[in-house]
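The lines below spell out each chain.
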6 protein chains.
Amino acid sequence: MRPSQRRPDEARPIRFTRGFTRHAEGSVLVEFGDTRVLCTASVEPRVPPFLKGKGQGWITAEYGMLPRSTGERMPREAARGKQGGRTLEIQRLIGRALRAAVDLNAIGERTITLDCDVLQADGGTRTAAITGAWVALREAIDRLLAAGELTVDPIETQIAAVSVGVYQGVPVLDLDYAEDSSAETDMNLVMDGEGRFIEVQGTAEGHPFTRAELDALLELGAAGIRSIQAAQRAALEV
Amino acid sequence: MRPSQRRPDEARPIRFTRGFTRHAEGSVLVEFGDTRVLCTASVEPRVPPFLKGKGQGWITAEYGMLPRSTGERMPREAARGKQGGRTLEIQRLIGRALRAAVDLNAIGERTITLDCDVLQADGGTRTAAITGAWVALREAIDRLLAAGELTVDPIETQIAAVSVGVYQGVPVLDLDYAEDSSAETDMNLVMDGEGRFIEVQGTAEGHPFTRAELDALLELGAAGIRSIQAAQRAALEV
Amino acid sequence: MRPSQRRPDEARPIRFTRGFTRHAEGSVLVEFGDTRVLCTASVEPRVPPFLKGKGQGWITAEYGMLPRSTGERMPREAARGKQGGRTLEIQRLIGRALRAAVDLNAIGERTITLDCDVLQADGGTRTAAITGAWVALREAIDRLLAAGELTVDPIETQIAAVSVGVYQGVPVLDLDYAEDSSAETDMNLVMDGEGRFIEVQGTAEGHPFTRAELDALLELGAAGIRSIQAAQRAALEV
Amino acid sequence: MRPSQRRPDEARPIRFTRGFTRHAEGSVLVEFGDTRVLCTASVEPRVPPFLKGKGQGWITAEYGMLPRSTGERMPREAARGKQGGRTLEIQRLIGRALRAAVDLNAIGERTITLDCDVLQADGGTRTAAITGAWVALREAIDRLLAAGELTVDPIETQIAAVSVGVYQGVPVLDLDYAEDSSAETDMNLVMDGEGRFIEVQGTAEGHPFTRAELDALLELGAAGIRSIQAAQRAALEV
Amino acid sequence: MRPSQRRPDEARPIRFTRGFTRHAEGSVLVEFGDTRVLCTASVEPRVPPFLKGKGQGWITAEYGMLPRSTGERMPREAARGKQGGRTLEIQRLIGRALRAAVDLNAIGERTITLDCDVLQADGGTRTAAITGAWVALREAIDRLLAAGELTVDPIETQIAAVSVGVYQGVPVLDLDYAEDSSAETDMNLVMDGEGRFIEVQGTAEGHPFTRAELDALLELGAAGIRSIQAAQRAALEV
Amino acid sequence: MRPSQRRPDEARPIRFTRGFTRHAEGSVLVEFGDTRVLCTASVEPRVPPFLKGKGQGWITAEYGMLPRSTGERMPREAARGKQGGRTLEIQRLIGRALRAAVDLNAIGERTITLDCDVLQADGGTRTAAITGAWVALREAIDRLLAAGELTVDPIETQIAAVSVGVYQGVPVLDLDYAEDSSAETDMNLVMDGEGRFIEVQGTAEGHPFTRAELDALLELGAAGIRSIQAAQRAALEV
């Protein structure tokens, strides 16, 4: 029995609030249950030094948690003077995942930065962030297309992510904090619109996992991502 | 004529959303028009080193802006590796203002941290932050009182803040970004529940201001704060 | 009775030693009683990135305290690896105050840096720093005028500063450390040569202050600044 | 055809030089072809603050690359003043992998630090580091057992790692730099002595990968790790 | 001919102003010609962690240059966020030199910090700093002896320093900036009251130096230090 | 009797392993007994900002110790976020010493970086580093000459270094850790191929040293360096 009473293959309610803030070219509040992440897409007319003059663009991400997004207050990274290893790892993951969706040659010499800031955390912040960031990116690209700044859509596929894990011996979908903190195995999956893998990151927390367990988790995640992607599309059609 | 069509002595609509996030002991989203600041109060059972063993508590504040809370994306302070001078100045101001409201001896050996994170900026973020932080602090103290952890209310007065300034030669209340960025004089006022001053910070941006202008601004601000304090009380009565 | 036996409206003896060091374009040791601050003005033929190519100049300030300028040794900020919030706040204030005196378009693409280093502290270091920095700036500009590098005087007004506060219930001028550390209210005033306000920064340390107290402090400060400005002019006439 | 002329399922020659340096409790130079990583295990009689008084130990890892271990010189992280995101990500991975092998309650209040320093890089430094670090850890634990400081072997399983990827459409084992830098998919596998997974980290570099490709990579990696583990055991028997 | 018209074996005028600032236990402005360094000695009743509970004290030094102590303004180290290599090297040298003068067991569990801040630089700041710091240390120890906090004098010898170098082929004493910046060889000597060496630091700037040149420099320096030590004693007798 | 049973004038066995790693233009493992330092020379086609457009090159050095190169593990400088004073001092020394060997005008607008990383420490790491770095530099320059990128040899002399010290009252050559940690006096000498001094750095650790002791140490070191230079030449002839 999951603490939230969900079935093993049941994700939390997923909600997208578009236009959550008004300045960014894309701005989406994504909720996976009680996990809430504000994802903004900012378009800037320049590229990092290593891409100067190559005629292509860049997509990058930054991730942060508000100090009291969690059960106990965490030190503010800006005050500590550096981003922790977990933060860097997650924002590298988000950036890679989103770049996999886009033809960087087709966005011109622009940088699009996805800022994913966790307002409230209840497990699965990185998968919510990737999922919401894709919607914010879609918004920003649509705005560039509408304004005639781009004439060809550079987004090649739809990206979403979900976590899966083994909780009390059972493979479950979309772990919340209560499950995540005691899961034996934790895996984050990022997939594209054609059901192919972008990232597979599995970690044996409690004990190692067999190939059979891995297969079960991959199945569960693939099904979960399909319905998350349907929710993304529905949000964009509104 | 103000860009927002407001009268000179008219503040923006002010709104408090209590319980905006669920983990913190106090959590309030405060809106001064399009300026939105999430204020959380976190209670922790320890004090900074300089207060150890003195039997009193401490109140402190931290301030941050989400990178795309503004019209152009600002670099993330956590990624730059330090908080800027403006950030430090604002969070010192918030902390001082809130400490003025509380009998630190009456909260025991606890630290209450007010985190003020700007989700969307349109001028006046520091005055909104102080105003919202007091409501979050009130929530947190009420929770301690309700739980019997405190028996006497340590809050001695009500704190609110507002900006005033001279815009196109006219003293105006509660400047938004369009006014703030071209104001000749900018002043932030923090006052208590008895109409006394906690902080007066006036800066001549464009040209110096006379004593008469200063007096007009102080009047305007005092009236504005009275109605903001009424809004604070109304929010707490809900 | 003030600890120094001064009358409430009596400033400490103020002294300017011009040419205190020989390399800088302006170099003044300013003393407000036992508070001694070395103010140098350095002229450099370049501007910060945000002003490149705009044909105007920039004035900025940096502030520091020698580790043993105070009663107890303070950690050296260079060794700690960062400037504290108080330091940043003060140097931002000094820079704003001095910029208010100068037509930046009239100094060409130059940066003038005012370094204010406290050799000995006894309260009021920021107001002494602003007051001395204006004299150092005047020296540096005079040198540029004398050398024909400038033909029109870019200094539009005379800047000085002083602190006022409520000590044991009485408004007093130019607080020393003994008064400052136990004052109920502390206010720093920066004014121009025409008696107008550049900065008003009042903080209720012990208890909030009424409008009447504020008015009394403003009167006291305005009178004090007039005599400090006379001392500045006298020093420059030597 | 692979640049190195290897068959798709052929790892590079793997070599362990035990006792490579003399001070550390465990010290192994591990070579995967031209990739050479010095792995040392340091035993210290203390634990991090979060484990104080809990009677258990801790295993952690640090990773670094000598500036000229690579084809072009990289800036030294100590001189830049921080470890990069890739470094932090790798050392977190090494630490997690090694902790999965050990009963932390059985090592007492000790910290064992695995330092993995890349002397020469040719792809696969993180998998070589994990593989070598396990041998260094084994050496350090054997020394504690021999000295009677431990009476029960806390190592519960054997850990090794390898990379697999899709190079020019073909799944290959143990990618070198020439392959790694142009691989379409890159996956790092960490497995235990029973053939179970500790970590699975797959990233689509060029294009997303299908479930069938993923299965092929998992098979290839599992076989590769079996022979790497045989090499580890052989090195320890010498 | 030296730029300053001095004879090769002639030091600059050396002056000590005792009690230059009032808070520190020792406070001396030392001048070697136009080089002016403020040296303060601060006594604190604690020792660094590595000495806790050993019953002995510690002597350490910190060094800094005011930004405009030099011909061109140097960036402020506190603003840059770190002390440069030259600064660290010099303050390590000052600390070692002073520790050589003192029986650390005889000062009890105290730390004495020598802060050497260059107000104006004209070459030889490190040797002036060592020379002045010893006088400030002497003042601080005398105060402890006078107050009965120490009963035995822990200072075992007199420390002074001077630079020597080869300028236009001629060995010269106490180089000023004009000489220092074009010297072929530069050597700093620290000696005790018995004419023995504490530190010898010679660097071939322009071309290597022979043993004969080295011998000449050592002679010149030893004679120079004897007269500097006479000046130190004279200053203390006042 | 020395702990290592060596005669007072006997250096440890010195060994150079050329081509120790394959990417760098010069790569030498130098061993002074159990002290092992990997020295690489990296040639890059650019110069630091202060040399831009002057048509000359630059030589610089960086130094590091692997965390467990020593008897007790030292914190990793990259993880601490800064290089310590000792590290900065040593790498400045190595850089100066190597620049003394080379005509910087003759290497064109190139920077050659000598990275000296201590794999195992047993005293004398800085002198081993200088000695090995010269061989690595020689390799790198020979490669540039062979490739026709340089036509005239810019190396003007041969550089080597050794430590000397007074151990139990006796001057000894090339101190190992056991001697170094209890030596009364420690001196590092850097000399050129003509027997002239590049650097002389002597420090009285335990007690000051007389001129006679200094002379004895200089003799001992000069003889030691002659044989080290013979070993350098022999290594290059292989």
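Residues numbered from 1 in each chain as written. Chains lettered and ligands numbered in written order. Predicted model: local features only at pLDDT ≥ 70, side-chain atom pairs only at ≥ 80, totals over all residues. Heavy atoms only, no water.

Q: Can you tell me about the overall build of chain A, naming the residues and giving the values?
A: On a plain count of helices and strands, chain A comes out with 5 helices and 9 strands. Written out in order from the N terminus, the α and β elements of chain A read β-β-β-β-α-α-β-α-β-β-α-β-β-α. The C-alpha atoms of chain A give 18 Å as radius of gyration, which agrees with the globular expectation for 238 residues (18 Å, within 12%). With respect to the principal axes defined by its C-alpha atoms, chain A has extents near 50 × 40 × 35 Å. (Helix = DSSP H or I, 4+ residues; strand = E, 2+ residues; numbered from the N terminus. Rg over C-alpha atoms; globule rule 2.2 N^0.38 Å.)

Q: An account of the relation of the copies chain D and chain F is requested, with residue identities and associated values reported.
A: Under the fitted operation, chain D is carried onto chain F by 0.0 Å of movement along the axis and a turn of 180°, and the coordinates agree to an RMSD of 0.0 Å. In short, the pair behaves as if placed about a two-fold rotation axis. Residue A78(D), judged by its C-alpha, is the member of chain D lying nearest the rotation axis, at 1.9 Å. (Least-squares fit on C-alpha atoms with pLDDT ≥ 70 in both.)

Q: Can you explain the UniProt feature "domain: Exoribonuclease phosphorolytic" (unreviewed entry) in chain A? Please cite residues and give values.
A: All names here are of chain A. In this numbering, the UniProt entry assigns the feature "domain: Exoribonuclease phosphorolytic" (unreviewed entry) to residues 10–140 and 158–223. When the span residues 10–140 is considered, its composition is 27% helix and 31% strand, and the gap between its end C-alpha atoms is 31 Å. The distance separating the terminal C-alpha atoms of residues 158–223 is 15 Å; by composition the span is 26% helix and 41% strand. (UniProt positions renumbered as here; feature names shortened; annotations may be inferred.)

Q: Break down the side chain of Q83(A) for me, with residues and values.
A: You can see Q83(A) is positioned in the loop between α1 (77–80) and α2 (85–99). A polar contact of 3.4 Å, which involves the side chain of Q83(A), links it to the side chain of Q91(A). Once you skip the residues sitting within four places of it in the chain, Q83(A) turns out to touch Y63(A), E77(A), L88(A), Q91(A), R76(B), A78(B) and A79(B). (Polar contact = N/O pair within 3.5 Å; in protein donor to acceptor, adjacent residues only side chain to side chain. Contact = heavy atoms within 4.5 Å.)

Q: Please give an account of the packing of helix α3 (residues 125–146) of chain D against helix α5 (residues 211–237) of chain D that cites residues and values.
A: Residues and elements named next belong to chain D. At a closest axis distance of 11 Å, the pairing of α3 and α5 adopts a crossing angle of 30°. The angle between α3 and α5 places the two elements in the roughly parallel class. Relative to α5, the crossing made by α3 is right-handed. Of the residues in α5, those touching α3 at T131, W134, V135 and R138 are I228, Q232 and L236. Of the residues that constitute the contact of α3 with α5, the class distribution is 4 nonpolar, 2 polar and 1 charged. (Axes fitted to C-alpha atoms, helices over the stretch in contact; angles between N-to-C directions. Parallel < 35°, antiparallel > 145°, perpendicular 65-115°, else oblique. Left-handed = near helix turned anticlockwise from the far one by under 90°. Nonpolar A, V, L, I, M, F, W, Y, C, P; charged D, E, K, R; others polar.)

Q: Help me get a handle on helix α5 (residues 211–237) of chain B, residues and values and all.
A: The end-to-end C-alpha separation of α5(B) is 39 Å, in line with the 39 Å expected for 27 residues at 1.5 Å each. Taken as a whole, α5(B) has its buried residues at L214(B), L217(B), L218(B), L220(B), G221(B), A222(B), G224(B), I225(B), I228(B), Q229(B), Q232(B) and A235(B). (Expected span 1.5 Å × (residues − 1). Buried < 20%, exposed > 50% of the residue type's maximum accessible area, 1.4 Å probe, protein only.)

Q: Can you explain the interface of chain B and chain A? Please cite residues and give values.
A: In this assembly, 39 residues from chain B lie in contact with 39 residues from chain A. Of the roughly 3000 Å² buried between chain B and chain A on both sides combined, carbon and sulfur atoms contribute 45%. It is H23(B), R68(B) and R73(B) that lose the most area in chain B upon contact with chain A, and together they represent 24% of the buried surface on that side. Taken together, the connections running from chain B to chain A amount to 16 salt bridges. Taking the shortest distance from any N to any O, the salt bridge between E25(A) and R68(B) comes out at 2.6 Å. Our count for the chain B to chain A interface comes out at 26 residue pairs in polar contact (both at pLDDT 80 or more). Going through the elements one at a time, β3 (35–44), β4 (58–65), α1 (77–80) and β5 (111–120) of chain B are the ones with two or more residues in the side of chain B that touches chain A. (Buried area = accessible area lost by both parts, 1.4 Å probe. Salt bridge = Lys/Arg side-chain N within 4 Å of Asp/Glu carboxyl O.)

Q: Summarise the interface of chain D and chain F; cite the residues concerned and give the values.
A: Residue-level contacts link 39 residues of chain D with 39 residues of chain F. Interface area, chain D with chain F, both sides summed: about 3000 Å², of which 45% is carbon and sulfur. The three residues of chain D that bury the most area against chain F are H23(D), R68(D) and R73(D), which together make up 24% of that side's buried surface. Seen at the junction of chain D and chain F, the total is 16 salt bridges. Where chain D packs against chain F, one counts 26 residue pairs in polar contact (both at pLDDT 80 or more).

Q: How would you sum up unusual backbone geometry? Please name residues and give values.
A: Of note in the backbone geometry, Q5(A) takes a positive phi value of approximately 70° without being a glycine. One can find Q5(A) in the segment before β1 (14–18).

Q: Could you give an account of the packing of aromatic side chains, with specific residues and numbers?
A: One pass over the full model with this rule turns up 12 aromatic pairs over all chains. An angle of 85° between the planes, with centres 5.2 Å apart, marks the rings of F50(C) and W58(C) as edge-to-face. For F50(C), a relative accessible area of 48% translates into the label partly exposed. W58(C) sits in the buried class, given a relative accessible area of 19%. Cation over ring: R36(A) sits above F20(B), and NZ or CZ is 6.0 Å from the ring centre. (Phe/Tyr/Trp six-rings, centres within 6.5 Å; stacked < 30°, edge-to-face > 60°. Lys NZ or Arg CZ within 6 Å of the ring centre and 35° of its normal.)

Q: Which residues make up the pattern of salt bridges, and what are the values?
A: Scanning all chains against the criterion turns up 180 salt bridges over all chains. Here R138(F) ties to D142(F) by a salt bridge, and the two come within 2.7 Å at their closest N and O atoms. Taken together, the positions of R138(F) and D142(F), both in helix α3 (residues 125–146) and 4 residues apart, correspond to about one turn of that helix. Taken together, the salt bridges that share partners define one network made up of R2(A), R6(A), R12(A), D34(A), D122(A), D174(A), D176(A), E179(A) and R22(B).

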